[in-house]
Each structure stands twice: as C-alpha cells, then as structure tokens.
Amino acid sequence: MSENESLPKHIGIIMDGNGRWAEQRSLPRIMGHREGYKTLRNILLFASDVGIKFLSVYAFSTENWKRPKDEVDGLMSLITQAAIDELRVMHQNNVRVRTAGRIHELPESLQIALERGVETTKNNSGIGFTLCINYGGRAEIVDAVKSILHDGVQPDENAISQRLYNPDLPEPDLLIRTAGEMRLSNFLLWQGAYAELVVSQKLWPDFTKEDLLDAIQQYRLRIRKLGALANG
Ligand code: FPP
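None of the values given here were measured: they were computed from a predicted structure.

So, how was this worked out
- Residues numbered from 1 in each chain as written.
- Predicted model: local features only at pLDDT ≥ 70, side-chain atom pairs only at ≥ 80, totals over all residues.
- Heavy atoms only, no water.
- Axes fitted to C-alpha atoms, helices over the stretch in contact; angles between N-to-C directions.
- Helix = DSSP H or I, 4+ residues; strand = E, 2+ residues; numbered from the N terminus.
- Parallel < 35°, antiparallel > 145°, perpendicular 65-115°, else oblique.
- Left-handed = near helix turned anticlockwise from the far one by under 90°.
- Contact = heavy atoms within 4.5 Å.
- Nonpolar A, V, L, I, M, F, W, Y, C, P; charged D, E, K, R; others polar.
- Core = buried A, V, L, I, M, F, W, Y, C linked by side-chain atoms within 4.5 Å.
- Buried < 20%, exposed > 50% of the residue type's maximum accessible area, 1.4 Å probe, protein only.
- Near = heavy atom within 4 Å.
- Polar contact = N/O pair within 3.5 Å; in protein donor to acceptor, adjacent residues only side chain to side chain.
- Areas by Shrake-Rupley, 256 points an atom, 1.4 Å probe, with all protein chains shown as cover.

Their axes nearest at 10 Å, the elements helix H2 (residues 29-50) and helix H3 (residues 69-92) cross at an angle of 25°. Classified by the interaxial angle, the pair formed by H2 and H3 is roughly parallel. As for the relative orientation of H2 and H3, their crossing is right-handed in sense. Across the interface between the two elements, Arg-29, Ile-30, His-33, Arg-34, Tyr-37, Arg-41, Leu-44 and Leu-45 from H2 touch Glu-71, Gly-74, Leu-75, Leu-78, Ala-82, Asp-85, Glu-86, Val-89 and Met-90 from H3. Grouping the constituent residues of the contact of H2 with H3 by class yields nine nonpolar, two polar and six charged.

This is how it looks when you write it as structure tokens:
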C-alpha cells in the first residue's frame, strides 16, 4: 500500500476538554474555548499541508444550548468573530468552508458571517473545512427523513445519504476525540458508521501537530492490518 493510500481523506474531530483546560488554570471556561480556537487554526492549516482533503470539527452541538447562558453567548461571539477574522486566511490558503447543522437557529450575525465564509470560498479547491455548529447527528437524520417525506421518495440508505447537510462530502475515515472521552456524543452518526476512532488524552487546547500525526499513524497501522488480513 502506498503512503497516500492509507492517509485518511476525511478526518472528523470532537474538540473536547476546553473547559477542563481553563478550570485547571482557574480561568473562565471561555478562555479554554479561546485557546481551542487557536489550536483549531493551527491544526486546520497543518492538516491541509499534510494532504488531508476534508476536516470536520464539532464546534457546537444541539445539546450545548443547555450550558450556562454566559458560556453559550461567549461561544457564539467567539465563533462569530473567528468567522469574520479568519476568512482572509482561509481564502488565501484555498480552504473551502462549509457548515453543518441547524444554521437558521443561530444568532443572525453568526449566520451572516458563516454564509459569507461559505460563499467566498465556494470555488476553492484546497482542504474542505466543515464547521459543525448547532449540529447533532440525530437532528441531521431527522432533517433528512423530513425531506424524504416531503419529496415522497423511497426511504432507503441512499435517500438519507443524499439528504444529509453536505451530501457531497465523503464519509469520514478517521474520527478523533480529545480529552480521553470514549463517546461519539451525537457527532456524524450516519456518515461515521465505519470510521476508525482514535482517542487522545490531550485536552483540545494542548493538541499539537504531532498529536494529529500520531492519530493518523494509528489509523494507518489499523488500515494496513485490515489490508493484510484481506489479502492474506
Ligand atoms: C468542548 O469542550 C468544546 C466545545 C463545546 C466547543 C468547541 C469550540 C472551540 C474549540 C472553539 C471553536 C472556535 C471556532 C472558531 C470554531 P468542553 O467545554 O466540553 O470541555 P470540558 O469537557 O473540559 O468541559
């Protein structure tokens, strides 16, 4: 198997541990999210450099609305500001931005910033970056089923796959979760059905390029083993 054949094409990341990172330093939780944002910027550009074609990250789940109002408001303004501030860098680096989730339920200023990012970068041919925001895997399946009922078509797997938030994206090959938790937490439930899972003990703000390479290496070893079994 050649080097590139075993490189995951699409990586999904559950960026967990921002709160713990802040709490360990007696800082407000939002400071952990700020630091997590810096990590995300570095990891996205590095993933692009190493040849990953698609990166999807869990920025805000449908369950995260239950958090204290000041944390939710802080996250919404952090993500809005980031979407505005990072657009130039994204575009310069040929990143194509997409969103996944119930975007229409987000604050209007955030919807506008996201729409601008998606629209500006839609013809870029570099890494596809999907921000999963107000996203839930179950909600995504429910939305797909509603669309099937509306269209009156046969409810088979293909009909659901075609009605996901981004039907053009390939399924993730590798899902990484940080901060040691071994759960999917409603992330990419449908499309992650066959993804390899790698859990890192690092809190997301501490996650480095080397940690990403390490996760990719774990993925490659598993894929190689599967290939050897299939061939042997
Ligand atoms: C989980 O950590 C993280 C989140 C709910 C938010 C993720 C958001 C970011 C990394 C910032 C994103 C910024 C942009 C621009 C997309 P947690 O708060 O659940 O951590 P804990 O489990 O330690 O409490």
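Ile-11, Ile-13 and Leu-212 are the most contacted members of the largest nonpolar core, which totals 41 residues. The set of elements that each furnish at least two residues to this core consists of strand E1 (10-14), H2, strand E2 (54-61), H3, helix H4 (108-121), strand E4 (128-135), strand E5 (174-177) and helix H7 (209-231). Considering each element in turn, this core owes the most residues, six residues, to H3. Once you skip the residues sitting within four places of it in the chain, Leu-212 turns out to touch Ile-11, Ile-43, Phe-46, Ala-47, Ile-176 and Phe-207. Within the second largest apolar cluster, nine residues are counted, among which are Ile-14, Tyr-58, Tyr-135 and Leu-188.

This next bit is on the site of the ligand. Close to the ligand lie 18 residues; Asp-16, Gly-19, Arg-20, Arg-29 and Arg-67 are nearest. In this structure, an oxygen atom belonging to the ligand sits 3.2 Å away from a main-chain N or O atom of Asn-18. A distance of 2.7 Å separates an oxygen atom of the ligand from a polar atom in the side chain of Arg-67. In isolation the ligand has 630 Å² of accessible area, and contact with the protein removes 90% of it. Within the residue set of the shell around the ligand, elements represented by two or more residues are helix H1 (18-24), H2 and H3. Ranked by the residues each element gives to the shell around the ligand, the list is headed by H2, at five residues. For the shell around the ligand, a count of residues per class yields eight nonpolar, six polar and four charged.

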